[in-house]
Amino acid sequence: MHVENKQRYQARFKQVVDYIHQHLDCPMNLDVLANIAHFSKYHFQRQFTAVMGVSPIQYIQQLRLERSAYELAFRQGDICNIAFRGHFQSQEAFSRAFKKYMGQSPLRFRKSTPWRKWHAKQQTQSAYNLRTLSVNNSFNIQQVSIIDFPATPIACLTHQGQPALVMKTVSTFIAWRKAQGNLSPKVSDTFNVLYHDPQTVPANEYRFDIACSVLAPIAENESGVVNATLAQCRCATLRFIGSNEDMAQAISFLYGQWLPQSGEECSEHPLFVKRLAMYPEVAMHQQEFELYLPIS
């Protein structure tokens, strides 16, 4: 019963967390948040802080600043508009808060993104209780389908080396993709090819490919994006909604539970994922993934 009580308590906070993510562009009223969780407004802030490690206001601002960092690194939007979207009254107020958050001004962050530092901050934030409260998927065998994946031409950029610098490679790919004009995620599928687990290989051996589907070969370019093909193969596929941490759980489920029970064997092709809905277009814990495990 103790476990059930804890789960119900966490579920009430998850409702608040979902609401915050879904209304990040709106003013936040603490009385409304308390009511969503069915807590007294006189105790809600202390309860939230005890569970999440930060106050509701701090958490909301943290989410908005995290989103602002993505927009600065990967979008070309005006900094003033980013500030107002984050509910700052002025660009100066936004700059002060962002500098406290990332250690440098928004303009400097955009011009010279500190990829390692940002990666470390994201890793720290993933340890917050919110990450364990966010979807926390429970997968089962019935969710997995076996399909024949067709050969798919892709434009591909390889990241080889430190996992902390993956987002730098992603930034290069996004800039190249935008410059093409006809390969936006709305018309072209986005893939990641996951050659290695960053926790189990030396940093210099880690490989991660980011790619998008194409209808015709791409031209040689200075960004290093090349023509490649996702090979035709049988795949075990699992579709789900969640965060990057949930994707790690899904991968572990496929290898650790589904594969031993399936009687199947992995093929020589690497694991890959299609990203159907991505942050910051959707909340971090509401991204949509389709995992593909090639089998022989």
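Residues numbered from 1 in each chain as written. Predicted model: local features only at pLDDT ≥ 70, side-chain atom pairs only at ≥ 80, totals over all residues. Heavy atoms only, no water.

Trainee: Just checking my understanding: could you explain helix 3 (residues 44–52) for this structure?
Mentor: Phe44, Gln47, Phe48, Val51 and Met52 are the residues of helix 3 that are buried. Buried residues in helix 3, looked at end-on, bunch into an arc of 110°, giving them a common side. Among the exposed residues of helix 3, those oriented more than 90 degrees off its buried face are Arg46 and Ala50. (Buried < 20%, exposed > 50% of the residue type's maximum accessible area, 1.4 Å probe, protein only. Helix = DSSP H or I, 4+ residues; strand = E, 2+ residues; numbered from the N terminus. Arc of directions from axis to C-beta.)

Trainee: Mind showing me how you'd approach the packing of helix 4 (residues 56–74) against helix 10 (residues 166–180) here?
Mentor: Describing two packed helices takes the angle between their axes plus the distance from one axis to the other. Interaxial distance between helix 4 and helix 10 falls to 10 Å at its minimum, and their mutual angle equals 55°. Considered as vectors, helix 4 and helix 10 are oriented oblique to each other. Touching Tyr70, Ala73 and Phe74 of helix 4 are Met167, Val170, Ser171, Ile174 and Lys178, all from helix 10. Across the contact of helix 4 with helix 10, the residue classes break down as six nonpolar, one polar and one charged. (Axes fitted to C-alpha atoms, helices over the stretch in contact; angles between N-to-C directions. Parallel < 35°, antiparallel > 145°, perpendicular 65-115°, else oblique. Contact = heavy atoms within 4.5 Å. Nonpolar A, V, L, I, M, F, W, Y, C, P; charged D, E, K, R; others polar.)

Trainee: Even after reading the chapter, I still don't get the side chain of Ser188, so can you show me in this structure?
Mentor: Along the chain, the position of Ser188 falls in the loop between helix 10 and strand 3 (190–194). On the accessibility criterion, Ser188 (1% relative accessible area) is buried. For Ser188, the side chain forms a polar contact with the main-chain oxygen of Ser213, separated by 2.6 Å. Setting aside residues up to four positions removed in sequence, Ser188 forms contacts with Arg177, Leu183, Cys212 and Ser213. (Polar contact = N/O pair within 3.5 Å; in protein donor to acceptor, adjacent residues only side chain to side chain.)

Trainee: Is there a simple way to think about the pairing of strand 2 (residues 152–160) in this case?
Mentor: It is a general feature of regular strands that their side chains alternate between the two faces of the sheet. Where strand 2 lies against strand 5 (residues 226–230), five bridges are found, and the strand directions are antiparallel. In the strand pairing of strand 5, Ala155 is matched with Asn227. Sheet topology places strand 2 next to strand 4 (residues 207–213); seven bridges connect them, and they run antiparallel. Bridge pairing in strand 4 links Ala155 to Cys212. (Pairing = 2+ DSSP bridges.)

Trainee: Before we go on, may I ask you to explain unusual backbone geometry in this structure?
Mentor: In most cases, non-glycine residues show a negative phi, while peptide bonds are predominantly trans. Cis geometry is adopted by the peptide bond preceding Pro280, which originates at Tyr279 and carries an omega value of 5°. Inspection of the secondary structure assignment puts Pro280 in the loop between strand 7 (271–277) and strand 8 (287–295). Look at His87: it is not a glycine, yet its phi comes out positive at around 65°. For His87, the location among the structural elements is in the loop between helix 5 (79–85) and helix 6 (91–102). Classification of His87 as partly exposed rests on a relative accessible area of 29%.

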